[in-house]
Each structure stands twice: as C-alpha cells, then as structure tokens.
Amino acid sequence: MQQIQNDFLTVQISEHGAELQSIHDINTNTERLWQADPAVWGRRAPVLFPIVGMLHNDTYTYQGKSYHLGRHGFARDRDFTVIRKTDDEIVFELTDDAESHKVYPFAFQLRIRYALLGNLLKVRYYVTNPSADKPLWFSVGGHPAFNTGADPAGGQNYLRFAPKKSRITIPLGANGESDFEHRTLAPTDVDLAITPELFAKDALIYELAGENTLSLRQEDSDHRVELTVKDAPYIGVWSQYPKTGPFVALEPWWGIADSVGTDGELTHKVGMHQLAPGEQFTAKYRIGIF
C-alpha cells in the first residue's frame, strides 16, 4: 500500500490495479471513498484499460484472430510498479508481458499519476505505444466510487452538473451494449436525486463536451465531492442494483461499451484510440473534497 498526503487529504493507493483505496478528509476526519463492502461491490476505484465497458460476448477480433477480454479490461487486476514517489505525488506503471498478450496483442506502457494540490486529488493517465512498427488500440477510464451520506447531519443525496445544461444520455441495451440509436436528451440542468432505482438499468451514461463538473451533495450539508474532467467524451454514473450500498461512482471515460449490433472488430469499436509507434496519449481528471 502506498500513501501520499498534504495538509488537507491523506490518500492511499494499492499497487494492485493502481487503485485508490482511501481519500481521507483531514479537516472533517471522514472517509470519502467507498470502502469496498464485498457483499455489495468489492472494488473502490478500478482503472479501466485497455477497454471501457463490455465487449459483446466478452470477445473481440483483431487481424483475423479472436481474443477473450472481460468487462473493463485487465489493468484493474494486475500489479503496477511504483516508478516515482514524493510526499504528495506518486506514479505507477504497467507494461505488456506474455500474460497480457494472450488477451491483448499489443505493446503498451500505462502510467498513472496521482498528485495532491490543496483539497484536490489530480489523476492523469499516460498511454504510450513503445512498439517500433505496430499501432496500439485502446480505451481508458476511471471508476472512483464515493460514499454518500457521509455527513450524518445531511439529508437526501443528489448529483449536480456544471455547467447547468441538458446533455445527451446513452441507454444500455438488454445485454449491456451502448444503444446509440436511442440516445435522448437528459435534464442535467437540474439536480438529480440519488435513489437506488435510478440504477435499475445499470449506469447512466452522458456524452460530454468541454469541461464538466459533477458534484455529489447532501441536503443540509456544506460538504461535497466534485469530479471535474475537461476532455472525456463520456461519463458514467453508477451504483450497484438490486444490491444497494451508500455509494455512487463517477466515471470519466475515454471509451465506451460495445454498441448494439457491433461486428466485434476492435478497430471498429466506438471510443477506441489508435496510437502510432512512439506516440503518447494523456487524459486527466480531478477530485475535489469540500
């Protein structure tokens, strides 16, 4: 277990999956990250790579060969190496190996940087193609889950979007695939009350443009958690159902689940990124604790 800290926050991250384990608010002495009750959902903030969401039948095809790859990819279940660390910053790295090539035939380098700045935790992904002659196809995303009802004096939990405007929402089909044909306009210009039934059809998925902030709040409380992202094309909002727990995941995505009617070819998958040899992709978001 690794730890970074400043005067506002103490953050713990596991080498396994480079996954956040704790965001402790020093000023209020409260834990803001979901603590992985295995009876409800046994993860806290998995890293999604090299895909986001699910593949049809957990299978894709590349250059005529089929590969089996589970939901959200394998990075969340692999051990990362710490390559740099200070009191308030840490960088993890995962690279391809013989095991990853069985399900994902690409050379890659994935680095994840966690850094504290005041009451902000800044997260950045660096994906590099180290190959001398082959492209790299991938998606990447975050999945941090936050405690709701953290303030005992607070009331109803709700989600607020900024800027206040409507956004396109993408429903999920019966098999969990993205149903782009039935996109609709969602009223994200008003606060969204958090209830278990909100997630009866799995995650709420929104298309994004520009900078967006999603904040989890409680009535009658001054405290909140904010996630801000500038360049993600999608964000997922999710909690477990029908099992329920006091958490909501805010998930910035640079990728998305297979679309309804997919042909299974990786290079046709919506949300995939291609890197030429030697190229690097970066993505970032920040978590604010208030």
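Cut-off values and rules
Residues numbered from 1 in each chain as written. Predicted model: local features only at pLDDT ≥ 70, side-chain atom pairs only at ≥ 80, totals over all residues. Heavy atoms only, no water. Helix = DSSP H or I, 4+ residues; strand = E, 2+ residues; numbered from the N terminus. Contact = heavy atoms within 4.5 Å. Buried < 20%, exposed > 50% of the residue type's maximum accessible area, 1.4 Å probe, protein only. Pairing = 2+ DSSP bridges. Salt bridge = Lys/Arg side-chain N within 4 Å of Asp/Glu carboxyl O. Phe/Tyr/Trp six-rings, centres within 6.5 Å; stacked < 30°, edge-to-face > 60°. Lys NZ or Arg CZ within 6 Å of the ring centre and 35° of its normal.

Q: It is not clear to me how the environment of Phe290 should be interpreted in this structure. Could you clarify?
A: Along the chain, the position of Phe290 falls in the segment after strand 24 (280-289). Along the chain, Phe290 and Arg71 lie 219 residues apart, while their C-alpha atoms are 32 Å from each other. Look past the residues within four positions of Phe290 in its chain and what remains in contact with it is Arg32, Asn119, His223, Arg224 and Glu226.

Q: Explain the pairing of strand 22 (residues 247-254) here, please?
A: The side chains of a regular strand alternate between the sheet's two faces. Counting buried positions along strand 22 gives 8 out of 8 residues, so the element sits mostly inside the fold. Of the two faces of strand 22, the one lined by Phe247, Ala249, Glu251 and Trp253 and the one lined by Val248, Leu250, Pro252 and Trp254 are each fully buried. Here 5 bridges tie strand 21 (residues 234-238) to strand 22, and the two strands are oriented antiparallel to one another. What sits directly across from Val237, in strand 22, is Leu250.

Q: Looking at this structure, I do not really get the pattern of salt bridges. What am I missing?
A: Opposite charge on two side chains makes pairing possible when the charged atoms of those side chains draw close. Per the stated rule, a full pass over the model turns up 12 salt bridges. The closest approach of N and O atoms between Asp97 and Arg78, which form a salt bridge, is 2.4 Å. Here Asp97, found in the loop between strand 8 (89-95) and helix 1 (98-101), pairs with Arg78, found in the loop between strand 6 (65-68) and strand 7 (81-85); they are 19 residues apart in sequence, far enough to count as distant. Assessed through its relative accessible area of 29%, Asp97 is described here as partly exposed. For Arg78, a relative accessible area of 19% gives the class buried. Arg160 is the salt-bridge partner of Asp191, the closest N and O atoms lying 2.9 Å from each other.

Q: Got a minute to help me understand the sheet that holds strand 20 (residues 224-229) in this structure?
A: What links the strands of a sheet is backbone hydrogen bonding, and the strands pair in either a parallel or an antiparallel sense. Ordered by their spatial adjacency, 9 strands build an open sheet running 7-8-9-10-24-20-19-14-17, and the pairing between neighbours is antiparallel. With one partner strand each, in any of the chains shown, strand 7 and strand 17 (192-193) form the two edges of the open sheet. Both strand 7 and strand 8 contribute to a ladder of 4 bridges, which runs antiparallel. Paired with Arg84 across the strands is Val91, a residue of strand 8.

Q: Any chance you could explain the sheet that holds strand 1 (residues 2-5) here in plain terms?
A: The strand order 1-2-3-4 describes an open sheet built from 4 strands, whose pairing is antiparallel. At either end of the open sheet lies a strand with only one pairing partner, and these are strand 1 and strand 4 (30-31).

Q: Just to check I follow, could you spell out the packing of aromatic side chains for this structure?
A: For any pair of aromatic rings, the description rests on two quantities: the centre-to-centre distance and the angle between the ring planes. This model, assessed by the stated rule, comprises 19 aromatic pairs. Aromatic pair Phe92 and Tyr114: ring centres 6.1 Å apart, planes at 80 degrees, arrangement edge-to-face. A residue pair is termed long-range when its members are at least 10 positions apart, and Phe92 in strand 8 and Tyr114 in strand 9 (residues 109-117) qualify at 22 residues. Take Phe92: its relative accessible area is 0%, and that puts it in the buried class. Joined through ring pairs, the aromatic side chains of Phe49, Tyr62, Phe74, Tyr104, Phe106, Phe108, Phe138 and Phe281 make up one cluster. The ring of Phe290 has Arg224 sitting right over it, with the charged end atom 4.1 Å from the ring centre.

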